[in-house]
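# Examining the three-dimensional arrangement
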Amino acid sequence: MEPNFVYETLQKVREVSPLVHNITNVVVTNFTANGLLALGASPVMAYASEEVADMARIASSLVLNIGTLNAQNVNSMVIAGKAANEQGVPVIFDPVGAGATTYRTDTAHKIMSEIKVSVVRGNAAEIANIIGEKWQIKGVDAGAGNGDKVELAIKAAKISGCVVVITGKEDIVSNGETTYVVSGGHPILTKVTGTGCLLTSVIGAFAGVEKDVLRAAVAALAYYGIAAEKAAKKTAEAGPGSFQIEFLNQLALVTEEDIKANASIKKI
Amino acid sequence: MEPNFVYETLQKVREVSPLVHNITNVVVTNFTANGLLALGASPVMAYASEEVADMARIASSLVLNIGTLNAQNVNSMVIAGKAANEQGVPVIFDPVGAGATTYRTDTAHKIMSEIKVSVVRGNAAEIANIIGEKWQIKGVDAGAGNGDKVELAIKAAKISGCVVVITGKEDIVSNGETTYVVSGGHPILTKVTGTGCLLTSVIGAFAGVEKDVLRAAVAALAYYGIAAEKAAKKTAEAGPGSFQIEFLNQLALVTEEDIKANASIKKI
Amino acid sequence: MEPNFVYETLQKVREVSPLVHNITNVVVTNFTANGLLALGASPVMAYASEEVADMARIASSLVLNIGTLNAQNVNSMVIAGKAANEQGVPVIFDPVGAGATTYRTDTAHKIMSEIKVSVVRGNAAEIANIIGEKWQIKGVDAGAGNGDKVELAIKAAKISGCVVVITGKEDIVSNGETTYVVSGGHPILTKVTGTGCLLTSVIGAFAGVEKDVLRAAVAALAYYGIAAEKAAKKTAEAGPGSFQIEFLNQLALVTEEDIKANASIKKI
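Naming follows an unreviewed UniProt entry, where chain A appears as Hydroxyethylthiazole kinase of Neobacillus bataviensis. Checking UniProt for chain A, the heading Sequence similarities (unreviewed entry) contains the comment "Belongs to the Thz kinase family."

### Points about the UniProt feature "binding site: substrate" (unreviewed entry) in chain A
Residues given the UniProt feature "binding site: substrate" (unreviewed entry) here are Met-45 and Gly-194 of chain A. Apart from residues lying up to four places away in sequence, Met-45 of chain A is in contact with Asn-22, Thr-24, Thr-29, Thr-32 and Ala-33 of chain A together with Val-27, Gly-67, Thr-68 and Arg-104 of chain B. With respect to the helices and strands, Gly-194 of chain A occurs in the loop between strand S8 (179-183) and helix H8 (195-207). In contact with Gly-194 of chain A, not counting residues within four places along its chain, are Val-28 and Phe-31 of chain A.

### Structural notes on the sheet that holds strand S3 (residues 61-65) of chain C
Residue and element names in this part refer to chain C. As summarised here, the arrangement of the nine strands in space is S2-S1-S3-S4-S5-S6-S7-S8-S9, forming an open sheet in which the pairing is mixed. Strands with a single pairing partner mark the edges of an open sheet, and in this sheet they are strand S2 (42-45) and strand S9 (264-267). Averaged over all adjacent pairs, the angle separating strand axes in this sheet is 20 degrees, with direction ignored. In terms of strand pairing, strand S7 (residues 171-174) meets strand S8 (residues 179-183) through four bridges, oriented antiparallel. Counterpart to Asp-171 in the pairing with S8 is Val-182.

### Comments concerning the interface of chain C and chain A
The interface of chain C with chain A comprises 22 residues on the first partner and 27 residues on the second. Both sides of the chain C and chain A interface together cover about 1,800 Å² of buried area, and 57% of this is carbon and sulfur. For the chain C face of the interface with chain A, the top three residues by lost area are Asn-30, Leu-37 and Glu-51 of chain C, together amounting to 25%. Summed over the shared surface of chain C and chain A, the number is one salt bridge.

### Concerning the pairing of S7 of chain C
Moving residue by residue along a regular strand, the side chains alternate between the two faces of the sheet. Residue and element names in this part refer to chain C. Where burial is concerned, the two faces of S7 agree: the one with Asp-171 and Val-173 and the one with Ile-172 and Ser-174 are both buried. Here three bridges tie strand S6 (residues 163-166) to S7, and the two strands are oriented antiparallel to one another. Following the sheet pairing, Val-164 is matched in S7 by Ser-174. Connecting S6 to the antiparallel partner S7 that follows it, the hairpin turn spans four residues.

### Details of the relation of the copies chain A and chain B
Between the two chain copies there is a screw-like relation: a rotation about an axis and a shift along it. The transformation that overlays chain A on chain B combines an axial shift of 0.0 Å with a rotation of 120 degrees, and the residual RMSD is 0.0 Å. Taken together, the rotation and translation relating the two chain copies correspond to the operation of a three-fold axis. Among all residues of chain A, the minimum C-alpha distance to the rotation axis is found for Val-26 of chain A, at 3.8 Å. Comparing interface residues between copies, only 9% of those in chain A also lie at the interface in chain B; the contact surfaces differ.

### Thoughts on the interface of chain A and chain B
Each side of the interface is counted separately: chain A has 22 residues, and chain B has 27 residues. Summing the contributions of chain A and of chain B, the shared interface buries around 1,800 Å²; its carbon and sulfur component is 57%. For the pair chain A and chain B, the interface holds one salt bridge. A salt bridge links Glu-51 of chain A to Arg-104 of chain B; the nearest nitrogen and oxygen atoms lie 2.7 Å apart. Remark: the boundary between chain A and chain B carries eight residue pairs in polar contact (both at pLDDT 80 or more). Breaking the side of chain A that touches chain B down by element, the ones donating at least two residues are helix H2 (29-39), helix H3 (52-58) and helix H10 (240-253) of chain A. Per-element accounting of the side of chain A that touches chain B gives the leading share, six residues, to H2 of chain A.

### Section: the UniProt feature "binding site: ATP" (unreviewed entry) in chain A
Residues and elements named next belong to chain A. On the UniProt side, "binding site: ATP" (unreviewed entry) is annotated at positions that read Arg-121 and Thr-167 here. A stretch of 47 residues holds the annotated residues, and the largest C-alpha distance among them is 7.4 Å, short enough that they meet in one place. Within the secondary structure, Arg-121 sits in strand S5 (residues 119-122). Assessed through its relative accessible area of 6%, Arg-121 is described here as buried. Apart from the residues within four sequence positions on either side, Arg-121 is in contact with Phe-93, Asp-94, Pro-95, Ile-127, Val-165, Thr-167, Gly-196, Cys-197, Leu-199, Thr-200 and Ile-203.

### Structural notes on the packing of helix H2 (residues 29-39) of chain B against helix H8 (residues 195-207) of chain B
The relative placement of two packed helices is expressed as an angle between their axes plus a distance between the axes. All names here are of chain B. Two elements in contact, H2 and H8, have axes separated by 9 Å at closest approach and are oriented at 40 degrees. Comparing their axes, H8 and H2 come out oblique. In this structure, H2 meets H8 at a crossing whose hand is right-handed. In this structure, H2 contributes Phe-31, Thr-32, Gly-35, Leu-36 and Leu-39 to the contact, and H8 contributes Thr-195, Leu-198, Ser-201, Val-202, Ala-205 and Phe-206. Class assignment of the residues belonging to the contact of H2 with H8 gives a composition of seven nonpolar, four polar and no charged.

Basis of the calculations
- Residues numbered from 1 in each chain as written.
- Chains lettered and ligands numbered in written order.
- Predicted model: local features only at pLDDT ≥ 70, side-chain atom pairs only at ≥ 80, totals over all residues.
- Heavy atoms only, no water.
- UniProt positions renumbered as here; feature names shortened; annotations may be inferred.
- Contact = heavy atoms within 4.5 Å.
- Helix = DSSP H or I, 4+ residues; strand = E, 2+ residues; numbered from the N terminus.
- Pairing = 2+ DSSP bridges.
- Axes fitted to C-alpha atoms, helices over the stretch in contact; angles between N-to-C directions.
- Buried area = accessible area lost by both parts, 1.4 Å probe.
- Salt bridge = Lys/Arg side-chain N within 4 Å of Asp/Glu carboxyl O.
- Buried < 20%, exposed > 50% of the residue type's maximum accessible area, 1.4 Å probe, protein only.
- Least-squares fit on C-alpha atoms with pLDDT ≥ 70 in both.
- Polar contact = N/O pair within 3.5 Å; in protein donor to acceptor, adjacent residues only side chain to side chain.
- Parallel < 35°, antiparallel > 145°, perpendicular 65-115°, else oblique.
- Left-handed = near helix turned anticlockwise from the far one by under 90°.
- Nonpolar A, V, L, I, M, F, W, Y, C, P; charged D, E, K, R; others polar.

Here you go:
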């Protein structure tokens, strides 16, 4: 994919300021809202079953995240998801911890079956769990390459009918037929809570302005990784607190030049 | 209003450290608590119907915010509000998103009718919604001046019997008879989530030490705007992450000199 | 206690990365997760009654915090606590605001009676409340020394059968027979919300790798205080916003030398 497309989509987000409706976990609400604002999107958090359908219908995208799920919020997610589906609003799903407890696994499956999800984003274990597979960490994950993850992404996309995003050292995006590998980011992202969750919401913002959700997801990943790299460089040795704040800064500051110089997207 | 009054009220908050009981949304709890601590107030968040009356009765003020409302919290807000009313504890209300969904609109009306609210703070659309009017954005909002907003504030104050605060490029405060325009702040405030919510809680802190809630609200707005300006100046070009942190710093650091040099309050 | 033990336990946390299951309040979730990540632990927040037993069983420790309690979460805390007890997973309890409302007091007593708690951490008033005593602030607290607090900690430990941690200007740790005073920290900690709550979770992380919970708690307190001192020194005069971020940095950066030079632990 051409870096131009990444920048153009980013600019569209900044101009349109899409309303991203998040039903997310209590750990990351503030960070997600601030990250979306820094990007130029309009975040809204609304959870009550009485209003989520109304909110999802006027949103540009709906992001569902089960990080701290409970019965009420899952109920609201399903209501919101169905309203979004009716209205053609893309639904982005983050199955946090699918596989860690039976309740999370069951809920992830429920959401995938009752709602038409446009993009699902998780780590390899979560995505494997979504399609009923067990993800085996084979040897040292980083050294073993992306071979298995690419296969997993393609398979999960075919089975689920969604665009699948597997994030890790490198990120894989597939709709089952076309697959991209996006490089970037920085290991310190794993030292700040909610960086995965925010990424899912950023994909939501990009999908809110670009109908081709495969390309929207790729553009979002490239942008996000570049912001992280810039922030990591500026706060090297300072620690994760400083990185977190500088990352919010950089989400607002990524330029066309940054993208041209640093975007690393491979179609495979 | 004389800048002296702003500083004196700020000093009273710092000395008395009023207990501000917040029933607020999940996005802003941490930022609100840290902002109130930086100011010198004592924040407490308590939501359970089993305890909110007890907490509201010992508080200096009660702040209600429907940003992520649900049936349980609305129930708690009404219980807490009635307990506060009985005890003479001022209630400050932030009708976040009133008008965006029917549930928010209905809830905002419910709170305004079942509780004696001392101060209601929102943007023009939220305040218009509170009194059953539709706020029309006429031309470029900023260029069109405050004419309509001043009228709206006065009308809303007369109808509701509250002190009304409409925030925006300039802030309007009215009790229906006396009206102030407070200038200050910085556009980057709109890039950090919860700056409106925190402002409502800061008005709560000031109303917790100053019985004249009209003057308390004006002093709070002037103080808040000055802290934002100082923070924006110190973090120019750094981005919204750095602004957010420096704003917390400046909330703790505003001096008498800052207020004398920068407070801009007009009685109209 | 030898500073070596503090550093060795810290290193064990960094190597093992214990899974700390938190059922905590909505104000501090993000800060707690980021603090635990900075330390090197693996935080997880899970609240639903459907999954807390599963999560607690695979955790290295369980942290319960009633800062924004409600009936659902209290129910989940009891379920999780019992599962942890069965599995031998240490339970750390933070009775936030016990004594402030009847509901908090009753809930704190319920948790202490239905669950075998390994460590309870609070201020003197909260700990006194746990054992049904009224804590009288006698004169200027700081000036009056720790005499009463040491007595209180020993008594509370004997009555409750837990390791008791009373934090304040100095921290007291007792199992009823052996008692330590740990000095360190900085007054600006009281200007950042959740520093007490995060400390409780940090004790959880240390207790997740060290079976002697008395020693684990002492090591955690020494480490935490040193990180705070370093952060306060680096951000002197900047304000509480900057301190908060630098504190997260320092939680990641405390070295063996820092501990050797600054740990102040007295057995009494």
